[in-house]
Amino acid sequence: LTKNLWLHRGGEKVAHRQALVHGINDVHPPRVSPYTRLMSFPRVNGLRGIEFGAPGKSRAYLTALVLNGNKRATAGLLSEYEDEGEDIEHIGEELAMLDSNDTHVGTLRVTRAEVMRFGDVPDEFALAEAEGDLNAEDFRNSHLDYWGRMGQEVDDDTMVVTVYFDLVSRGPGA
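Now for a look at the structure at hand. Remember, predicted model here, so these are calculated numbers, not experimental data.

Quick look at the environment of S58
Within the fold, S58 resides in helix 3 (residues 57-67). S58 sits 42 residues away from S100 along the chain, and the two C-alpha atoms are 9.3 Å apart.

Below, the structure written as structure tokens:
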């Protein structure tokens, strides 16, 4: 999302695991937290931008999951929103999904956004995120690992933002 995190928000870690499964080998965890760049929420045609995964094959893979209808949710750490001074997405908000070239490839509409304890993320969310986690326990394990590698201390009481969305349209670059 430049919400890449979870929105890869978590996606980077999961993207890395899935990329390896799909034979994509240029995906590497960043040396510094992706949140520095990813949480900058660029504006595109008046819409807040959102990017999934790291630029390159990871982003292409996760963006394709959205464009083909599989990925319908993303998650992030509430502290990242606070650090960047960004508002949490709201129902009805439209987001410009960007590819690795910052091309607007799709417009997403937020259908649900919730702040909850990391330990309370439900199975429903893990399935909607569609990044390979089959239930909430898988989601928590994979995201705990990812955020840990990014230098973020996360436990069951850490507050996360879960965002559900629909693909409204494909952008001019799709």
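Quick word on the nonpolar core
Counting residues in each nonpolar core, the largest one holds 18 residues, and the members touching the most others are I50, F52, V66, M97 and L108. The element best represented in this core is helix 3, accounting for five residues. Core analysis: the second largest hydrophobic core is formed by 16 residues, M116, F118, A128 and V160 among them.

Digging into helix 3
By the criterion of burial, helix 3 is predominantly enclosed, with eight of the eleven residues buried. For helix 3, every residue scored as buried is listed here: S58, R59, Y61, L62, T63, L65, V66 and L67. Remark: G69 follows helix 3 within two positions and exhibits a positive phi of approximately 95°.

Looking at unusual backbone geometry
If you check the backbone angles, N45 has positive phi at about 50° while not being a glycine. Mapping N45 onto the fold places it in the loop between strand 1 (43-44) and strand 2 (47-50). One non-glycine residue, A130, lies in the positive phi region at around 55°.

Comments concerning helix 6 (residues 136-149)
A rise of 1.5 Å per residue sets the reference length of helix 6, with its 14 residues, at 20 Å; its end C-alpha atoms lie 20 Å apart and thus fit the reference within 8%. Taken residue by residue, helix 6 has A136, F139, S142, H143, Y146 and W147 as its buried positions. The arc that holds the buried residues of helix 6, viewed along the axis, is 135°, so those residues lie on one side. For helix 6, the N-terminal capping position is held by N135, with its side-chain oxygen 3.0 Å away from the main-chain nitrogen of E137.

A few points about the pairing of strand 5 (residues 104-117)
Bridging between strand 4 (residues 94-98) and strand 5 involves five bridges; their strand directions are antiparallel. Bridge pairing in strand 5 places L98 opposite H104. Bridge count between strand 5 and strand 6 (residues 159-170): eleven bridges; the pairing is antiparallel. Bridged to V110 within strand 6 is F165.

The rules behind these values
Residues numbered from 1 in each chain as written. Predicted model: local features only at pLDDT ≥ 70, side-chain atom pairs only at ≥ 80, totals over all residues. Heavy atoms only, no water. Helix = DSSP H or I, 4+ residues; strand = E, 2+ residues; numbered from the N terminus. Core = buried A, V, L, I, M, F, W, Y, C linked by side-chain atoms within 4.5 Å. Buried < 20%, exposed > 50% of the residue type's maximum accessible area, 1.4 Å probe, protein only. Expected span 1.5 Å × (residues − 1). Arc of directions from axis to C-beta. Polar contact = N/O pair within 3.5 Å; in protein donor to acceptor, adjacent residues only side chain to side chain. Pairing = 2+ DSSP bridges.

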